[in-house]
Amino acid sequence: MLSTGPELRLMRLLSCLTLALLFQASDAKRDLKSGFDRTAKQNFGGGNTAWEERKLSKYETSEIRLVEILEGLCESSSFECNRMVEEHEEHFETWWFRRKTKHPDLHRWFCIEMIKVCCPKGTFGPDCNACVGGSERPCHGNGRCDGDGTRGGNGKCSCVHGYNGEFCLDCIDGYYNEVRNDTFSLCTECHSSCKTCTGPTSQDCDECKEGWEEDDQKTCVDVNECSKDPSPCKEDQYCLNTEGSYSCNACDKVCSGCTGAGPDKCQACASGYQDTEDTCTDIDECSEAVCTKENQECVNTKGSYVCICSSGYEEHDGECVQMPQERWVRQNEKPTSRESRKQQHESVYLGYY
Ligand SMILES: [Ca+2]
């Protein structure tokens, strides 16, 4: 017996092959028919039904047609497909000329009966036994039978999502049996507040899901994590309650602690910011004399300020000293806005520390 791997592959190949064969057969017939219609009109100035049918039926059973079909079965690049067709060419010929009428189902005759790679649908294994739950509705319609339609597998069920158990009649946690008997089961999802349940609403929970708690009416309701003390969030975050959960979000950078998003939800202003009409705004430190060294200028920044050397001066040992003439000229060729000098200063500053 073949091992499961190649057997399955071959089975799949064959299903495709059979479909392709049947498709091709009907397609060829249609193409040929239109071809005949065309030629008939050209040659005879009208349809000649008897002639068409004679030719058609002759072609329909001819070896030329079989060869044409076999040649077109596989992609030229599919080594496995071509090898298989070649290997079983005799079987195809036998079927085509001698078995087709008595055994019109090529899949059954070739794959199940002749080369014994396939099994009828709903059966599996060397002897084509019925799948768990029976061959009519394997796994009671709620799963896939291992090896279904092949000579391999063990016939056991892999249930689709929501179903459980050997026979795929039980429901997983979070689902309940809306309908259930010995051969049929319909599992439906519980309310989002339930871990387990017996019905569709939040009152039908057996157990609440995490983030939900039972109230006086035995209903699962959302836990407001944000009302807890201490808050589950960090100091520079605010808490947002959601159904079944909560989230922690960063405060605006102008805040030191906050109750929500934005500069108007601060508990206190961050350093460098002041409370102006219930919102935190930047303090302009430069409005006071903060850069006191000689030839120094003050530049206000968001939440802070920097002291930079005035135009024509550069920082040297913490003092603003006159730039050598040559460098001063070179630098003046570039745009020297306050902003670019500030950036220059900051990059120096960052480089030093
Ligand atoms: Ca919540």
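Here the structure is a predicted model, which means the values were calculated and not measured.

Chemist: Talk me through the overall build of the protein chain; I want residue IDs and the actual numbers.
Modeler: On a plain count of helices and strands, the protein chain comes out with eight helices and 20 strands. Within the protein chain, the fraction of its 353 residues that count as buried is 18%. Restricting to contacts in the protein chain with at least 6 residues of sequence separation, those with at least 24 account for 27%.

Chemist: Give a detailed account of the UniProt feature "domain: EGF-like" (unreviewed entry) in the protein chain, specifying residues and quantitative values.
Modeler: Residues annotated by UniProt as "domain: EGF-like" (unreviewed entry) correspond here to residues 127-169 and 282-319. The distance from the first to the last C-alpha atom of residues 282-319 is 28 Å, and the span holds 0% helix and 47% strand.

Chemist: Before we move on, could you go through unusual backbone geometry and cite the residues and values that matter?
Modeler: Here the residue pair Asp229 and Pro230 is connected by a cis peptide bond, since its omega of 0° sits within 30 degrees of zero. At Cys139, a position not held by glycine, the phi torsion is positive, near 55°. Within the secondary structure, Cys139 is located in the loop between β2 (129-130) and β3 (143-145). What makes Cys139 buried here is the crowd of 27 C-beta atoms within 10 Å.

Chemist: Give a detailed account of the pairing of strand β14 (residues 245-250), specifying residues and quantitative values.
Modeler: One face of the sheet, then the other: side chains in a regular strand alternate in exactly this way. Here strand β13 (residues 237-242) runs beside β14; their pairing, made up of six bridges, is antiparallel. Across the sheet, Cys239 pairs through a bridge with Cys248, a residue of β14. Hairpin remark: β13 followed by β14, antiparallel, with two residues in the connecting loop; positive phi at Gly244, about 85°.

Chemist: Provide a residue-level description of helix α6 (residues 106-114), including the pertinent values.
Modeler: For α6, the full list of buried residues reads Leu106, Phe110 and Cys111. Down the axis of α6, the smallest arc covering the buried residues is 75°, so these residues share one side. Two residues or fewer after α6 comes Lys116, characterised by a positive phi angle close to 50°.

Chemist: Break down the pairing of strand β17 (residues 296-301) for me, with residues and values.
Modeler: The pairing of β17 with strand β18 (residues 304-309) spans six bridges and is classified as antiparallel. From the neighbouring strand, Glu297 faces β18, where its bridge partner is Ile308. Hairpin connection from β17 to β18: two residues lie between these consecutive antiparallel strands, with Gly303 at a positive phi of about 85°.

Chemist: Which residues make up the environment of Phe167, and what are the values?
Modeler: Following the sequence through the fold, Phe167 ends up in the loop between β5 (163-164) and β6 (170-171). Along the chain, Phe167 and Asn142 lie 25 residues apart, while their C-alpha atoms are 8.5 Å from each other. Look past the residues within four positions of Phe167 in its chain and what remains in contact with it is Val132, Gly133, His140 and Cys157.

Chemist: Hey, could you go over the environment of His91 for me, with residue numbers and the actual values?
Modeler: Summarising the element assignment, His91 is placed in helix α5 (residues 89-99). The class for His91 is partly exposed, based on 16 C-beta atoms found within 10 Å.

Chemist: Report on the nonpolar core, specifying residues and quantitative values.
Modeler: If you look at the biggest cluster of nonpolar residues, it comprises 27 residues, and the most contacted ones within it are Cys139, Cys168, Tyr176 and Cys194. Every element with two or more residues in this core is listed here: α6, β4 (157-159), β7 (175-180), β9 (194-197) and β10 (205-208). Looking at this core, the element that brings in the most residues is α6, giving three residues. Counting the residues that make up this core, at least three belong to each of domain 1 (4-114) and domain 2 (123-189). Counting residues in hydrophobic clusters, the runner-up holds nine residues, among them Tyr238, Val254, Cys255 and Tyr273.

Scoring rules and cut-offs
- Residues numbered from 1 in each chain as written.
- Predicted model: local features only at pLDDT ≥ 70, side-chain atom pairs only at ≥ 80, totals over all residues.
- Helix = DSSP H or I, 4+ residues; strand = E, 2+ residues; numbered from the N terminus.
- Buried ≥ 20, exposed ≤ 12 C-beta atoms within 10 Å, placed from the backbone.
- Contact = placed C-beta atoms within 7 Å.
- UniProt positions renumbered as here; feature names shortened; annotations may be inferred.
- Pairing = 2+ DSSP bridges.
- Arc of directions from axis to C-beta.
- Core = buried A, V, L, I, M, F, W, Y, C linked by C-beta atoms within 7 Å.
- Domains from an automatic or database assignment.

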